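Residue strings, one per chain:
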Amino acid sequence: MKSKSNPKSIHVLIACGGTGGHLFPGIAVAEVLSARGHDVTLLISEKKIDAIAASGHKDLRFEKVPFLAMPKPWSPKMIGFLSGLWKGMKQCRKIIQDHQISVVIGMGGFTSFAPLYAGRKEQCLTLIHESNAIPGKANRLNARYADTVLCGLDACKAHFPKHGDVRVVGTPIRSSMRQTSKEDPHAFFKLDPKKKTLLIMGGSQGARGVNRVVGMALDQFEKMGIQVLHIAGPTDYEEVRDVYAKHPLLPQHVAAFCHRMDLAYRAADLAIARSGASSMSELAYFGVPSLLVPYPFAAEDHQTRNAEIFAKAGASRMLVEKELNADVLADAVRSILTKNKKSEEMKRAASKIAVRNSAEKIADLIVKEGK
């Protein structure tokens, strides 16, 4: 929050609701700005994931705005969408005026459109951040109202050829993830430090296709002598928990959501994950080798492109969901966890990709140009 000891503080609005891929990088930037004495307001949606994540950051100011996903142009839902968008813009302009906002940054998705448009109308500095290799339709539109476009990956830059100010800054990681902790990650999750740990996560909202294939591979994981840390997502948690209950000899920790992902990454020898940009940035930061299963219905198939970049760098292996079964998954896990040389090579490759000061880079830019 704003510090009285910093008379040069600026007021920043960060639109980051809807998914963990937008929310967590937004929180990361907010933490850096707030620590420097600047006033920050984060706009989030009314989704459950936003409420869960916000509950872990009592020191930050969150405002809820009812955002709607954009329907197809000729859909009967378009009237309701446009009405909601108009109300959202009015609400955003009021927030900007009430808090004397001078900078608006959108972290992606249609949840960023109303704040950016309102920010432009209120003569604020406006920016967008795109974490993925291929921007979605929302950020292609948002870019029209942004003074600066920030990209997480170099491959993204080419998708904004007409914009005059595009910069590659990496994808921000929350301060809680980057703090050095003496806490034992294996003890925290009640796992054995002598066993190889397989981390399974589907992003902030889980991954049903991945969860189900993993469930079918548990017999083979048990035979490998490994242990599993599975973040199932709130929707699939009970189903996943019940499947694991049938395998009591497999060391395991199953949860719907994890507030200590820093410890999860530190415990992990290998991760199975979707290839959302935020999760991948965290995997790179902690140097965790990964098996990436792109979400097949992601806009512009951007998760496949994300995974291809990490696979080419040697940090990951990409698995296609429609080709995935228990044997394919178990073989992929075995090929990495039972070969120390391969695992170490992937760890080094992942660490080389990491941008460790992304949040600071963005905060520096905001402060420098937002005054």
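What counts as what
- Residues numbered from 1 in each chain as written.
- Predicted model: local features only at pLDDT ≥ 70, side-chain atom pairs only at ≥ 80, totals over all residues.
- Heavy atoms only, no water.
- Helix = DSSP H or I, 4+ residues; strand = E, 2+ residues; numbered from the N terminus.
- Rg over C-alpha atoms; globule rule 2.2 N^0.38 Å.
- Buried < 20%, exposed > 50% of the residue type's maximum accessible area, 1.4 Å probe, protein only.
- Contact = heavy atoms within 4.5 Å.
- Lys, Arg positive; Asp, Glu negative; His and termini not counted.
- Charge placed at Lys NZ, Arg CZ, Asp CG, Glu CD.
- Axes fitted to C-alpha atoms, helices over the stretch in contact; angles between N-to-C directions.
- Parallel < 35°, antiparallel > 145°, perpendicular 65-115°, else oblique.
- Left-handed = near helix turned anticlockwise from the far one by under 90°.
- Nonpolar A, V, L, I, M, F, W, Y, C, P; charged D, E, K, R; others polar.
- Pairing = 2+ DSSP bridges.
- Right-handed = clockwise from strand over helix to strand, strands pointing away.
- Arc of directions from axis to C-beta.
- Salt bridge = Lys/Arg side-chain N within 4 Å of Asp/Glu carboxyl O.

Asks: Even after reading the chapter, I still don't get the overall build of the chain, so can you show me in this structure?
Replies: Across its full length, the chain holds 15 helices and 13 strands. Taken over C-alpha atoms, the radius of gyration comes to 21 Å for the chain, in line with the 21 Å a tight globule of 371 residues would show. If one aligns the C-alpha atoms of the chain with their principal axes, the spans along those axes are about 60 × 50 × 35 Å. Going through the 371 residues of the chain one by one, you find that 56% of them count as buried. The long-range fraction of contacts in the chain, counting pairs at least 24 apart against all pairs at least 6 apart in sequence, stands at 66%. Averaging the locations of the 53 positively and 36 negatively charged side chains of the chain gives two centres separated by 3 Å.

Asks: It is not clear to me how the packing of helix H11 (residues 277–286) against helix H12 (residues 302–313) should be interpreted in this structure. Could you clarify?
Replies: Relative placement of two packed helices is described by the angle separating their axes and the distance separating the axes. Look at H11 against H12: their axes get within 10 Å of each other, and the N-to-C directions meet at 15 degrees. In terms of orientation, H11 and H12 fall into the roughly parallel class. As H11 runs across H12, the sense of the crossing is right-handed. Contacts between H11 and H12 involve Ala277, Met280 and Ala284 on the former and, on the latter, Asn306, Ala307 and Phe310. Considering only residue class, the contact of H11 with H12 consists of five nonpolar, one polar and no charged.

Asks: I keep staring at the pairing of strand E3 (residues 61–64) and nothing clicks. Help me out?
Replies: A regular strand carries its side chains on alternate faces of the sheet. Here strand E2 (residues 39–44) runs beside E3; their pairing, made up of four bridges, is parallel. The partner of Thr41 across the bridge, within E3, is Arg61. Since E2 and E3 lie parallel, the crossover through helix H2 (residues 48–55) that links them has a hand, and here it is right-handed.

Asks: Looking at this model, I keep getting lost on H2. Mind explaining?
Replies: Two residues of an α-helix separated by three or four positions point the same way, owing to the 3.6 residues in each turn. Taken residue by residue, H2 has Ile49, Asp50, Ala53 and Ala54 as its buried positions. Down the axis of H2, the sector holding all buried residues measures 130 degrees, keeping them to one side. In the core, the buried residues of H2 are packed alongside helix H1 (20–35), E2 and E3.

Asks: What should I look at first to understand the pattern of salt bridges in this one?
Replies: A side chain of one charge can pair with a side chain of the opposite charge when the charged atoms of the two come close. Enumeration according to the criterion identifies 18 salt bridges in this entry. With a closest N to O distance of 2.7 Å, Arg208 and Asp236 form a salt bridge. In this pair, Arg208 is assigned in helix H8 (residues 208–224) and Asp236 in the loop between strand E9 (227–231) and helix H9 (237–245), connecting sequence segments 28 residues apart. Arg208 sits in the partly exposed class, given a relative accessible area of 39%.

Asks: Could you clarify how one ought to interpret the sheet that holds strand E11 (residues 270–273) in this entry?
Replies: Two modes of strand pairing occur in sheets, parallel and antiparallel, and in both the strands are linked by backbone hydrogen bonds. With respect to topology, six strands assemble into an open sheet ordered E10-E9-E8-E11-E12-E13, the strand pairing being parallel. Strands at the two margins of the open sheet, each flanked by one partner only, are strand E10 (252–255) and strand E13 (316–318). Direction aside, neighbouring strands of the sheet carry axes that sit 15 degrees apart on average. Bridging between strand E8 (residues 197–201) and E9 involves five bridges; their strand directions are parallel. Counted as the bridge partner of Ile200 is His230 from E9. Where H11 meets the sheet, it contacts E8, E11 and strand E12 (290–292), and its direction lies at approximately 165 degrees from that of E12.

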